[in-house]
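A closer look at the structure
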Amino acid sequence: MDNALLNRSFEFLLLPPGQFLVLALIALLWRKRKMLVCSLFAFAALQILILSLPITASWLLGELEKQYPPRFELWKQEPLPQAIVVLGSGRNLNVPEYAGGESTSLAGIERLRYAAHLPRATGLPILVTGGSPLPDARSEAELMRDVLQDEFRVPVKWLETESHTTWQNAQFTDEMLSKAGIHSAWLVTQAWHMPRSLYSFRKRKLQYLPASVSYSGAIQWTDYPMKFVPQATALVRSSIALHEWIGLLWYSLRDKLQ
C-alpha cells in the first residue's frame, strides 16, 4: 500500500500541473540563477499549453488506442477464451444519489458495462481485480462486484482484492485463474490502457486477449480550428495518455534491468 501511494505521488509531480511544485522548489534553491528559473517555468508553461490542445490529446491517446483496434461483436470470434478479467480503475468516494458510500469510478462503469455484455453473449465467468489504497476501505474489486451483480445482474465468480497496480493485477489474477484451471481470458479495460495492461499480463501462465472499451482519442470538437484552442478536458486526456506512456517506459526499463 505504501508503495502504491509513493508511486502516485511521483506521478503527480512528474505530470502537469504538479510539476510546477518541483519547479517552485528549484526556484527556491537556485533563486540567484534567475535565467535558469525563468527558463524552467517558461518550459513548463509551454508544455501545459501544448498538452491542452485537443489535437495533442487526440494524437497521444490515438497512438495508444490504435495498437488494439476495436473488434466488432468480439463474442462471435473463435476461439473463445475461458474467462473474463475486469481491471479496477479507482473509486468514487461519495455517491449521495445512491445513499452515500463508495462506488466504482466512471472509467470503471465503462469497463463493467462491456464486461456485463460479454457473459450474456458467451456465458463466461468473470473475475474482477483491484485492491484498496487505504486501510479499512473496501477493495475496488468488491465495489465492481456490487455494480455487476446489483445493477447489471451479472454474477462474479472470482475476486482479487490485494493488488494496487496494473502489474499486481496481472500477477495476482494469473495466480488465481491458473489455480482454477483457466488457460485463457479476455482482458477488459479502456483502449488507452490496453497496451500497458497487456504488457503487464504478457508472459504469464494464461493467454490474455484484448477486450477494449471506450475509444476516446477523437475529441468532440470537430471544427478544425478548435483543435488548436486550449481546452481543460484536452489537458486531462493528455495527462491520462502521458501516464500510460510513462508506465510503458518504466515497465520496459525494469525488464531490461532485471
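In short, a report on the structure. (Residues numbered from 1 in each chain as written. Predicted model: local features only at pLDDT ≥ 70, side-chain atom pairs only at ≥ 80, totals over all residues. Heavy atoms only, no water.)

Quick look at the packing of aromatic side chains
Applying the stated criterion across every chain yields a total of three aromatic pairs. Summarising the aromatic geometry, the rings of Tyr199 and Tyr251 are spaced 6.1 Å apart at their centres and angled 20° between planes, so their arrangement reads as stacked. Here Tyr199 is found in helix α8 (residues 194-201), whereas its partner Tyr251 is found in helix α9 (residues 232-257), with 52 residues between them in sequence. Like Tyr251, Tyr199 is buried. Taken together, a centroid distance of 4.7 Å and an interplanar angle of 65° make the contact between Phe201 and Tyr208 edge-to-face. In this structure, Phe201 and Tyr208 share a single accessibility class: buried. (Phe/Tyr/Trp six-rings, centres within 6.5 Å; stacked < 30°, edge-to-face > 60°. Helix = DSSP H or I, 4+ residues; strand = E, 2+ residues; numbered from the N terminus. Buried < 20%, exposed > 50% of the residue type's maximum accessible area, 1.4 Å probe, protein only.)

Structural notes on the sheet that holds strand β4 (residues 126-129)
Across the sheet, five strands lie side by side as β5-β4-β1-β6-β7; this open sheet has parallel pairing. Sheet topology places β5 (158-160) and β7 (207-213) at the edges, where each strand pairs with a single neighbour. Direction aside, the axes of adjacent strands within the sheet are offset by 25° on average. Where strand β6 (residues 184-190) meets β7, seven bridges bridge the pair, whose relative direction is parallel. Opposite Ala185, over in β7, you have Tyr208 as the bridge partner. (Pairing = 2+ DSSP bridges. Axes fitted to C-alpha atoms, helices over the stretch in contact; angles between N-to-C directions.)

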